[in-house]
Amino acid sequence: YLWGDRSNLDKIVAEPSQSSFQEGLAATEPQTSIRYDDPIDFETLQSENSDICAWLEIPGTKISYPVLYHEGDNSYYLTRDSKGNASNNGGLFIEDYNEPDFEDPVTVIYGHNMRSKAMFGALQSYFSDGKWFSENLTIKIYLPGKTLKYAVFAAVPYSNKHILFYNNFYNESQFNSFFDGIYATRSLAANFCEGNDPKFGGHVLILSTCLNGDRTQRYLVIAKETE
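In this text the structure is predicted, and so the values were computed from the model without any measurement.

**Concerning the environment of Y170**
Here is step 1 of the chain: Assignment of secondary structure puts Y170 in the loop between α6 (163-166) and α7 (172-183).
Here is step 2 of the chain: For Y170 and G201, which are 31 residues apart along the polypeptide, the C-alpha to C-alpha distance reads 8.3 Å.
Here is step 3 of the chain: A distance of 2.8 Å separates a polar atom in the side chain of Y170 from a polar atom in the side chain of D104.

Next up, the structure:
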């Protein structure tokens, strides 16, 4: 083609094949994203109570509740349900030491240990059972537009010292020191899964309620966010 008749070359340049055209078109078309369908109807829930920021579910249990956030009054849902009505059960809530997007290094959800097993009333009975613990290590947090999954690595008795007030989890040394202390817990009610160790820079979820038999202490179930 360089030195001879160029007519065929001109035709090749001027008339690309249909297959080449289709391939080029496909390459330039935007890729469609997978649609996420919220398993929780947040639009309806938040129209009834704008304090609902998430939904907590622990597979294998009956624990499945909205999570509440009332900035400026951390005791608000100690005596109110998820609709804001007076209730001895209260609701599951996070305090304003956290942001309600679960992007802090450590997010703590509080709930009453009710004799009726409502809220976190059955939390300790589930996670202090070694066999059950070893087979049920998943916690889910539903947010508008996404689902977060967590792998449990510890379930332990803990002092009633306020976790977020006394620990700066944005500091790597304090982050590691706190969880080293968790792993050092010695109790018949404590269980661990060391393969799920938390790492600084990740996200950790703590579920906190009163310890059975000693209301001056807390019982914690602690999990790290997984990919």
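Structure's up, so let's keep going.
**Section: the pairing of strand β4 (residues 106-110)**
Consecutive side chains along a regular strand alternate between the two faces of the sheet.
Here is step 1 of the chain: Counting buried residues in β4 gives five out of five residues, a clear majority hidden from the surface.
Here is step 2 of the chain: Taken together, the five bridges between β4 and strand β8 (residues 204-211) define a ladder with parallel strand orientation. By the bridge assignment for β8, T107 is matched with L205.

**With respect to the packing of aromatic side chains**
Here is step 1 of the chain: Counted under the stated rule, the structure contains 17 aromatic pairs.
Here is step 2 of the chain: Judged by centre distance (6.0 Å) and plane angle (35 degrees), the ring pair of F169 and F179 falls under tilted. Taken together, the residues span a long stretch of sequence, with F169 in the loop between α6 and α7 and F179 in helix α7 at a distance of 10 residues. There is no split in this pair, since F169 and F179 are both buried.
Here is step 3 of the chain: Above the plane of the ring of Y76 lies R80, whose end atom (NZ or CZ) is 3.9 Å from the centre.

**Description of the side chain of S208**
Here is step 1 of the chain: Note that S208 resides in strand β8.
Here is step 2 of the chain: Classification of S208 as buried rests on a relative accessible area of 2%.
Here is step 3 of the chain: Apart from residues lying up to four places away in sequence, S208 is in contact with V108, I109, Y110, G111, F120, R218, Y219 and L220.

**As for the pairing of strand β2 (residues 64-69)**
Here is step 1 of the chain: Where strand β1 (residues 52-57) and β2 come together, five bridges link them in antiparallel fashion. What sits directly across from I52, in β2, is L68.
Here is step 2 of the chain: The turn linking β1 back onto β2 is made up of six residues, and G60 within it adopts a positive phi angle of 90 degrees.
Here is step 3 of the chain: Judged from the three bridges that link them, β2 and strand β3 (residues 92-94) form a sheet pairing that is parallel. When the sheet's bridge partners are listed, L68 is paired in β3 with F93.

The rules we used
Residues numbered from 1 in each chain as written. Predicted model: local features only at pLDDT ≥ 70, side-chain atom pairs only at ≥ 80, totals over all residues. Heavy atoms only, no water. Helix = DSSP H or I, 4+ residues; strand = E, 2+ residues; numbered from the N terminus. Polar contact = N/O pair within 3.5 Å; in protein donor to acceptor, adjacent residues only side chain to side chain. Buried < 20%, exposed > 50% of the residue type's maximum accessible area, 1.4 Å probe, protein only. Pairing = 2+ DSSP bridges. Phe/Tyr/Trp six-rings, centres within 6.5 Å; stacked < 30°, edge-to-face > 60°. Lys NZ or Arg CZ within 6 Å of the ring centre and 35° of its normal. Contact = heavy atoms within 4.5 Å.

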